[in-house]
Amino acid sequence: TRAASQRLFRLARTPEAMLTLTPRRIERAIYPVGFYHRKARTIRHVCRTLLERYGGRVPSLELAVSDASAVASAVGALKGSFSQVSGKTLLDENASKASILATLKQMAGNSQPEDTLFLFLAGHGVSIDAENWAFLPFGVDASNMAALKRTSITASEIEALLVQAKAKRIVL
């Protein structure tokens, strides 16, 4: 799907530009992705919705906020099972790349061998290449691959911080 996305974004980079493409043109750009006929119609629908309802901007991920809040609440309810439960929930603009990485670095650095380090990321991710995926934090720039790599959080970045943790148990 990465190659299909690259072909499509070479043709159009904005919702406005995407709507100038015919469904057939989108189909040819994304083929051989499965369900390419339906996906072409869906792409146009999403672009129209972005323009009509959100002024062309991708809205906040309310379900991701709901998921993150629910997981934080569930983890907080474990206080009776552990001697101490602490955590930090980052939502919307507080869930920037810098904030997430700084929080993860702090949690990894403060962990002890008997701790369980739990990381839950709610939102979207993308395949960067054959061996690396990335989480898309608040404020990610997906205008091109270089910007995406610079502003997303790659699995390698997360791994580099987690290997510094003293905690023997890490849950992702």
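As a starting point, this report considers the structure included with it. (Residues numbered from 1 in each chain as written. Predicted model: local features only at pLDDT ≥ 70, side-chain atom pairs only at ≥ 80, totals over all residues. Heavy atoms only, no water.)

### Things to note about a nonpolar patch on the surface
Line of reasoning, step 1. Taken together, Phe 118, Phe 120 and Val 171 make up a surface patch of nonpolar side chains, about 240 Å² in accessible area.
Line of reasoning, step 2. Assignment of secondary structure puts Val 171 in strand β5 (residues 169-171).
Line of reasoning, step 3. Of the residues examined, Val 171 reaches a relative accessible area of 34% and is grouped as partly exposed. (Patch = residues over 30% accessible without salt bridge, like charges linked within 9 Å, V, L, I, M, F, W, Y side chains within 5 Å. Areas by Shrake-Rupley, 256 points an atom, 1.4 Å probe, with all protein chains shown as cover. Salt bridge = Lys/Arg side-chain N within 4 Å of Asp/Glu carboxyl O. Helix = DSSP H or I, 4+ residues; strand = E, 2+ residues; numbered from the N terminus. Buried < 20%, exposed > 50% of the residue type's maximum accessible area, 1.4 Å probe, protein only.)

### So, the pattern of salt bridges
Line of reasoning, step 1. Taken as a whole and judged by the stated rule, the model has two salt bridges.
Line of reasoning, step 2. Arg 24 is paired through a salt bridge with Glu 27; the nearest N and O atoms lie 3.4 Å apart. One end of the pair is Arg 24 and the other is Glu 27, both in helix α3 (residues 23-30) and three residues apart, which spans about a single turn.
Line of reasoning, step 3. Owing to a relative accessible area of 10%, Glu 27 belongs among the buried residues under this scheme.
Line of reasoning, step 4. Linking Glu 157 and Lys 97 is a salt bridge whose minimum nitrogen-to-oxygen distance equals 3.1 Å. Highlighted residues: Glu 157 in helix α8 (residues 155-162) and Lys 97 in helix α6 (residues 97-110), separated in sequence by 60 residues.
Line of reasoning, step 5. The exposure class of Glu 157 is partly exposed, given its relative accessible area of 26%.
Line of reasoning, step 6. Relative accessible area serves as the criterion here: at 19%, Lys 97 is assigned to the buried category.

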